[in-house]
Amino acid sequence: MFSSRLDWGLEQNPLWQELSRKRAAGETVLDLTESNPTKVGLDYPEREILASLADPRVSTYAPDPRGWISAREAISEYYSTFGKHVPSSNIVLTAGTSEAYGFLFKLLCDAGDRVLVPKPSYPLFDFLLSLDNVEAVAYSNDTGVFEPLPERCRAILAVHPNNPTGIYVHEDEARRLHGLSARHGLALIVDEVFLDYALVDDPPPSFAGASKGLVFTLSGLSKLAALPQVKLSWIAVSGAPELCRDALDRLETISDTYLSVSTAAQLAVPRLLALAPSIRRGLNDRIRHNLSTLRLAVEHSPEVTLLPLEGGWYQTLRLPAIATSESWALDFLKKASVYLHPGLYFGFETEACCVVSLIVDPSVFREATHRMLRRIADRIN
Ligand SMILES: Cc1ncc(COP(=O)(O)O)c(C=O)c1O
């Protein structure tokens, strides 16, 4: 009766089963996967956020398929703060970045087409692609995309900086991606939701404002202002003018079919983008604080390596190869009541890696980190 798009194996994995069992039994689990910024005890300017969502114009419905012009102008202004020119007419609002992906796959791909996707990376890509009957073809973050490309490729996806590796797309790799897209007529889709969470001094720039090819940069308030509940993201279209025009005409039709972004969220964009830098400062302090806790703790655990990190909300740890990442995660949960994500979920296939969120409440983070490292020491000694 149902579409094969959803043939994913909907059964719970052992880690999730154990987590559910512990929670049902009322046990406290220290959660190192928490990525919801509204649940980690951050200070938000609540009055200003609420005021931004109570614009009197909300009582009128005046849909524009690209989004309210005041919102698009504020987003265009955001790009200009770091020297990128994206006119407001080249921006399309969406209700979240996931929806932005759905729009782009509909724009670029027919059923059975392919998109090149970095690995390891954000696990939702496989689901987003298959909901549009598009196939993901993985390329390694280490080696990059190489030719010959598989048939029916329509786009290359890059995550800048990547989730969970936290590594930006550097200049030489960016040049290679532009070259490949030009040679093969592929669009570039660059996910920049974590762009402004740099942990290095001089991170590589945004892909927005390209003058050749067809480049879609994605971002949104979910990460930029740590406000996922507002459900507002965007696609910024840049590249050769005629390609941009053709893409925007079509995107407008797709967006007009749904008109999914609420008027309240669109009207709030200018004020929320103005609040975003101060919200990010709080979150960046949190990330740096937790990272230094982790680095200090790992100094006494030579069997654990922290993979290099340049930005974003996550840290990947390489653990002793005596167990797989899934069995490490299950062991931490069973024996130390610490929940974290096995690297396998993100596509770390050969190494025993685990991923922790750096936005977690600092006291939970410290205790969970110590329990995890103690458990590793117990197992290997
Ligand atoms: C790389 C990446 N892209 C997109 C998203 C989804 O963002 P949104 O909440 O705007 O749908 C996430 C969420 O964690 C992410 O990690």
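Residue indices begin from 1 for each chain and proceed along its sequence in written order. This being a predicted model, a pLDDT of at least 70 is required before a residue's local features are given, and a value of 80 or more before pairs of side-chain atoms are given or counted; all residues contribute to the totals for chains, interfaces and linings.

Re the site of the ligand
Applied cut-off: Each residue gets a C-beta atom placed from its backbone. Should that atom fall within 6 Å of a molecule or strand, the residue is termed near it. Under the scheme applied, nonpolar residues are Ala, Val, Leu, Ile, Met, Phe, Trp, Tyr, Cys and Pro; charged residues are Asp, Glu, Lys and Arg; polar residues are all the others, including Gly.
In the neighbourhood of the ligand, 13 residues make up the surrounding shell, with Gly 96, Thr 97, Tyr 122, Asn 163 and Ser 222 lying closest. Of the residues belonging to the shell around the ligand, the class tally is four nonpolar, eight polar and one charged.

As for the pairing of strand S13 (residues 353-357)
The line we're drawing: The exposure scheme places C-beta atoms from the backbone and then counts, for each residue, the other C-beta atoms within 10 Å of its own, assigning buried at 20 or more, exposed at 12 or fewer, and partly exposed in between. Only DSSP runs of H or I with at least four residues qualify as helices, and only runs of E with at least two residues qualify as strands; both kinds are numbered from the N terminus onward. The rule for pairing is simple: two strands pair if DSSP sees at least two bridges between them.
A large share of S13 lies buried, amounting to five of its five residues. Burial along S13 is two-sided: the residues Cys 353, Val 355 and Ser 357 and Cys 354 and Val 356 are all buried. Two elements, strand S10 (residues 314-318) and S13, share five bridges in a ladder whose sense is antiparallel. Residue pairing for S13: Tyr 314 is matched across the bridge by Ser 357. The pairing of strand S12 (residues 341-342) with S13 spans two bridges and is antiparallel. Paired with Pro 342 across the strands is Cys 354, a residue of S13.

Side note on helix H3 (residues 69-80)
Test applied: One less than the residue count of a helix, multiplied by 1.5 Å, gives the span that helix is expected to have. The arc refers to the directions leading from the helix axis to the C-beta atoms. A pair of residues counts as a contact when their C-beta atoms, built from backbone coordinates, are separated by no more than 7 Å.
The first and last C-alpha atoms of H3 sit 16 Å apart over twelve residues, in line with the 16 Å expected at 1.5 Å per residue. Every buried residue belonging to H3 is among Ala 71, Arg 72, Ile 75, Ser 76, Tyr 78 and Tyr 79, and all of these are buried. Looking down the long axis of H3, one finds its buried residues gathered within 150 degrees of arc, a one-sided arrangement. In this structure, the buried residues of H3 make contact with strand S2 (91-94), strand S8 (233-239) and helix H9 (263-299).

Remarks on the sheet that holds S12
Sheet architecture is open: four strands sit in the order S9-S10-S13-S12, paired in antiparallel fashion. The open sheet is flanked by strand S9 (305-306) and S12, the only strands paired with a single partner.

Observations concerning the nonpolar core
Our working rule: By definition, a nonpolar core groups buried Ala, Val, Leu, Ile, Met, Phe, Trp, Tyr and Cys residues that are joined through C-beta atoms within 7 Å.
The biggest cluster of nonpolar side chains holds 105 residues, and the ones touching the most others in it are Leu 104, Ile 156, Ile 235 and Val 338. Ranked by residue count, the leading element in this core is H9, at nine residues. Excluding residues that lie within four positions of it along the chain, Ile 156 makes contacts with Leu 116, Val 145, Leu 177, Leu 180, Ser 181, Leu 186 and Leu 188.

A closer look at the sheet that holds strand S7 (residues 214-220)
Note on sheets: strands pair through backbone hydrogen bonds, and any given pair is parallel or antiparallel. What counts here: Only the stretch in contact is used when a helix axis is fitted, and all axes are lines through C-alpha atoms; the angle between N-to-C directions ranges over 0 to 180 degrees.
Strand order across the open sheet formed by seven strands is S2-S8-S7-S6-S5-S3-S4, with mixed pairing between neighbours. The sheet terminates laterally at S2 and strand S4 (135-140), the two strands that pair on one side only. In this sheet, adjacent strand axes meet at a mean angle of 25 degrees when their direction is disregarded. For S2 and S8, the ladder comprises four bridges, and the chain directions are antiparallel. Counted as the bridge partner of Ile 91 is Ala 236 from S8. Sitting on the sheet, H3 is in contact with S2 and S8, with an inclination near 115 degrees to S2. Relative to strand S5 (residues 153-159), helix H6 (residues 171-184) is tilted by about 170 degrees, and along the sheet it contacts S5 and strand S6 (187-191).

Re the domain arrangement of the chain
So the rule is basically this: The split of the chain into domains comes from an automatic or database domain assignment.
Taken domain by domain, the chain comprises domain 1 (11-43 + 277-380) and domain 2 (46-275). Taking only C-alpha atoms into account, the centre of domain 1 sits 28 Å from that of domain 2. Those elements that place two or more of their residues in the side of domain 1 that touches domain 2 are H9 and S10. Element by element, the count of residues in the side of domain 1 that touches domain 2 is highest for H9, at six residues.

So, the environment of Phe 207
Relative to the elements of secondary structure, Phe 207 occurs in the loop between S6 and S7. Sequence separation between Phe 207 and Ala 158 is 49 residues, and the spatial gap between their C-alpha atoms is 10 Å. In contact with Phe 207, not counting residues within four places along its chain, are His 160, Ala 174, Leu 188, Val 190, Val 215 and Thr 217.

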